[in-house]
Amino acid sequence: MKNIMKTIMLIFVLALLTNTVSATLMMDDVQFDPAIIAAGDEVDIIVQYHDEIIIGEEDRIGDSEFTFAVFLESDDSLTEQYVTIQDAKGDDVNGRIFAGGFYNKKFRIKVNNNAPAGNYEFKLTGQWYKNGIVENDKQFIRFMMPVKKEGIVLDISTLETVPAEVRPGDNYVKLVSFIANVGQKDAKSVEINLELPEGFESSYTNNNRVWAGRINAGEEKEVTFFVDIDEKLAAEEYDFKYSFKYSDLDNNNYQTVKTIPFFVKERPYLEIVKSEGTGLAGRSSKLYLTIKNTGSESAEAVDVRLLKQNSQPFNLDIRSDYIGELEPGEEGLAVFDIKVNSDAEIKEHDFQVLIRSKGDSDEGDDNIYTYNRRAKFDVTGVAPNRLKTIGLFAGAIIIIGFLISKWRSKK
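The shown structure was predicted, so the numbers you read here are calculated from the model rather than taken from an experiment. (Residues numbered from 1 in each chain as written. Predicted model: local features only at pLDDT ≥ 70, side-chain atom pairs only at ≥ 80, totals over all residues. Heavy atoms only, no water.)

Side note on the pattern of salt bridges
Working step 1: Summed over all chains, the structure comprises 14 salt bridges.
Working step 2: Taking the shortest distance from any N to any O, the salt bridge between E297 and R167 comes out at 3.5 Å. Of this pair, E297 sits in the loop between β20 (284-293) and β21 (299-307) while R167 is found in the loop between β10 (154-162) and β11 (173-181), placing the two residues 130 residues apart along the sequence. Both residues of the pair, E297 and R167, count as buried.
Working step 3: When salt bridges with common partners are traced through the structure, they connect E165, R167, K265, E297 and D365 into a single cluster. (Salt bridge = Lys/Arg side-chain N within 4 Å of Asp/Glu carboxyl O. Helix = DSSP H or I, 4+ residues; strand = E, 2+ residues; numbered from the N terminus. Buried < 20%, exposed > 50% of the residue type's maximum accessible area, 1.4 Å probe, protein only.)

Description of a nonpolar patch on the surface
Working step 1: Taken together, the side chains of Y288, L333 and V335 define a hydrophobic patch exposed on the protein surface, amounting to about 240 Å² of accessible area.
Working step 2: Take V335: it is sitting in strand β24 (residues 331-340). (Patch = residues over 30% accessible without salt bridge, like charges linked within 9 Å, V, L, I, M, F, W, Y side chains within 5 Å. Areas by Shrake-Rupley, 256 points an atom, 1.4 Å probe, with all protein chains shown as cover.)

Here's the deal with the nonpolar core
The nonpolar side chains of soluble globular proteins are, as a tendency, buried together.
Working step 1: In this structure, V190, I192, Y242 and F244 are the most contacted members of the largest nonpolar core, which totals 29 residues.
Working step 2: Where this core is concerned, the elements lending two or more residues are β10, β11, β12 (187-195), β14 (209-215), β15 (220-229), β16 (237-247) and β17 (253-263).
Working step 3: By residue number, the principal contributor to this core is β16, which donates five residues.
Working step 4: Leaving out residues up to four positions away in the same chain, Y242 has contacts with I156, L159, S177, I179, I192, N193, L194, F225, T256, V257, K258 and I260.
Working step 5: Listed in part, the 27 residues of the second largest apolar core include V302, F336, V353 and F377. (Core = buried A, V, L, I, M, F, W, Y, C linked by side-chain atoms within 4.5 Å. Contact = heavy atoms within 4.5 Å.)

Some remarks on the sheet that holds β11
Working step 1: As summarised here, the arrangement of the four strands in space is β10-β11-β15-β13, forming an open sheet in which the pairing is antiparallel. Strands at the two margins of the open sheet, each flanked by one partner only, are β10 and β13 (200-202). On average, each strand axis in the sheet is tilted by 35 degrees relative to the strand beside it, whichever way the strands run.
Working step 2: Here three bridges tie β13 to β15, and the two strands are oriented antiparallel to one another. Bridge pairing links F200 to I229 in β15. (Pairing = 2+ DSSP bridges. Axes fitted to C-alpha atoms, helices over the stretch in contact; angles between N-to-C directions.)

Observations concerning the pairing of strand β26 (residues 368-382)
Working step 1: Sheet analysis places strand β19 (residues 278-281) next to β26, joined by four bridges and oriented parallel. The residue of β26 that forms the bridge with G279 is V379.
Working step 2: In terms of strand pairing, strand β25 (residues 348-358) meets β26 through 11 bridges, oriented antiparallel. Across the sheet, E348 pairs through a bridge with D378, a residue of β26.

A short note on the sheet that holds strand β22 (residues 314-315)
Working step 1: Taking strand neighbours across the sheet as the criterion, the four strands line up as β18-β20-β24-β22 in an open arrangement whose pairing is antiparallel. The open sheet is flanked by β18 (270-276) and β22, the only strands paired with a single partner.
Working step 2: In terms of strand pairing, β20 meets β24 through nine bridges, oriented antiparallel. In the sheet register, K286 faces β24, and the bridge partner there is D337.

A look at unusual backbone geometry
Working step 1: P34 follows D33 through a cis peptide bond whose omega is 10 degrees.
Working step 2: If you trace the backbone, P34 turns up in the loop between β2 (21-33) and β3 (37-38).
Working step 3: In this model, V162 is joined to P163 through a cis peptide bond whose omega is 5 degrees.
Working step 4: The phi torsion at N208 lies on the positive side, around 55 degrees, for a residue other than glycine.
Working step 5: Checked against the element boundaries, N208 lands in the loop between β13 and β14.
Working step 6: Here N208 falls in the buried class, since its relative accessible area comes to 2%.

Things to note about the packing of aromatic side chains
Working step 1: Applying the stated rule across the entire model yields 13 aromatic pairs.
Working step 2: Judged by centre distance (5.8 Å) and plane angle (20 degrees), the rings of F122 and F143 are stacked. Of this pair, F122 sits in strand β8 (residues 118-130) while F143 sits in strand β9 (residues 133-149), and the two are 21 residues apart along the sequence. Accessibility assignment for this pair places F122 and F143 in one class, buried.
Working step 3: Note on F314 and F377: the rings are 5.7 Å apart at their centroids and 85 degrees apart in plane angle, and the pair reads as edge-to-face. Placement of F314 in strand β22 and of F377 in strand β26 is noted, with a sequence separation of 63 residues between them.
Working step 4: Residue F314 is classed as buried on the basis of its relative accessible area, which comes to 1%. (Phe/Tyr/Trp six-rings, centres within 6.5 Å; stacked < 30°, edge-to-face > 60°.)

Notes on the confidence of the model for the protein chain
Working step 1: Mean pLDDT over the protein chain: 83, with 82% of residues reaching 70 or higher.
Working step 2: In the model, residues 1-23 has pLDDT below 50 throughout and makes 72 contacts with residues more than four positions away in sequence or in other chains.
Working step 3: Counting interchain partners and residues more than four positions distant, the pLDDT-below-50 stretch residues 53-58 has 17 contacts. (pLDDT = per-residue confidence, 0-100.)

Brief notes about the side chain of D365
Working step 1: With respect to the element layout, D365 can be found in the loop between β25 and β26.
Working step 2: Given a relative accessible area of 0%, D365 falls into the buried group.
Working step 3: Apart from the residues lying within four places of it in its own chain, the contact partners of D365 are R167, E266, P268, E297, G359 and D360.

Side note on the environment of Q312
Working step 1: Tracing the chain through its elements places Q312 in the loop between β21 and β22.
Working step 2: With 33 residues separating them in the primary sequence, Q312 and E345 have C-alpha atoms 9.8 Å apart.
Working step 3: In contact with Q312, other than residues within four places in its own chain, are L307, D350 and F351.

See below:
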C-alpha cells in the first residue's frame, strides 16, 4: 500500500462545548489501496488523524462520556453516480480519542466499471457525542480520490461498409463493425443494438440486434449489420447509435451508447414529372414524357424505355428514347410514337417506363441507376374508317350523277 495523497494540515474542528470547551484534531494522511485505481476496483480508503490542541476547562480527549464518529460521504455528482460506498462508518475504534494518539480509520468503496477516469470528491463528516447525544454541528474535511484507469470501455474501433461508398437507394448495405474493450476490466453478456435515424431501416427481421458475448480487456470482436437506405434520402452525414448492454464479472449490469458518423454520398434521381398523350382507336399518336433529375448529382446517358404488355392494344415501332445528361434540377423530353389498335378500349391506359442512367463520372460515380416509373395514355374515341368513308362518298357521287343524267333525259 502506497501513500498517494496527503493533505496539508487540514484543521478539523470537531465540536464546541458551550463557551469553555473545544477540541481540535488534524487529518494527517489519506491512503488508498490499491494505490493506482481503475474503474471496477474495490478500494480501501484509510484516513489518519490525531489530536492537536485542547482548550478549556473540560477535556473531551480520553473522556469515556465523549465519543467521536466519522462518516464517509460523496461530495459531487460524479462520485454519487459512479461510486458505491460499501462501508460508510469505517472500522470500529470505539469512538474514543486519546491525547497524543494517532488513528487510522478504514472505509471501503466500489468504483463502477463504467466510471470515467478523473478525480472523485469525498468528504469526511465528523460528529461528537456525549453519552450518545449529538454535540453541536457536523464538521467536514474534503479530499479527492484519483481514478486513473477506466474499467469496461466499449467502443467502435473500425466501421467498414460494402459497398465502400453508400448512396441513397442502396439496399443490404453491409456494416462491418469492430467493437473493442479499451478499458481495464472484462465485459460479458455484451449485446449491441444499432439504432438507425429516419431514412434507414434494418434489412432483416433481427432489427440489427447482435449478441457479442464476452469481450475481454484489450480485445475486439467483429459484428455485422445490414441496412436499407431510402432512395430519396439527402446526401449528408448521419449519426448511427450503438447501444451496448453488458455485465461485469460481478454480474453488475450496465448500458452505454456510442455514436459514429455515417456518410451518404450524392446520386441522381430521375422522375416523370409530366405525362401527355391522347389518341383515337385505329390511329397513330404520340406520348410525351418529361423527365426531371431531382437528385443532387448529374445523371449521364439517360435513356427512357417504354414497356408494353402483350395484351395492350398498341404497337410501338421504337421503344426507347435517348435524352443524354441531366444536371440536378434539369428536365428532358422523351417522345414515343404509338399506334393505337382499332379495337382499343376508350379509357386511360397505363404504361410501364424504365429509365436508366449512369452516375456522374466526374464525381467517381460509375453506378448504373434504374428507375421503374408509370405513364398514362388516354384513348378518347374511335377514328372513322377512311375506306368506308371514301366508298360512301364515291357511291354518293355515282348516285347523284345517275339522278342528274336521268333528269336531263326527261327534258
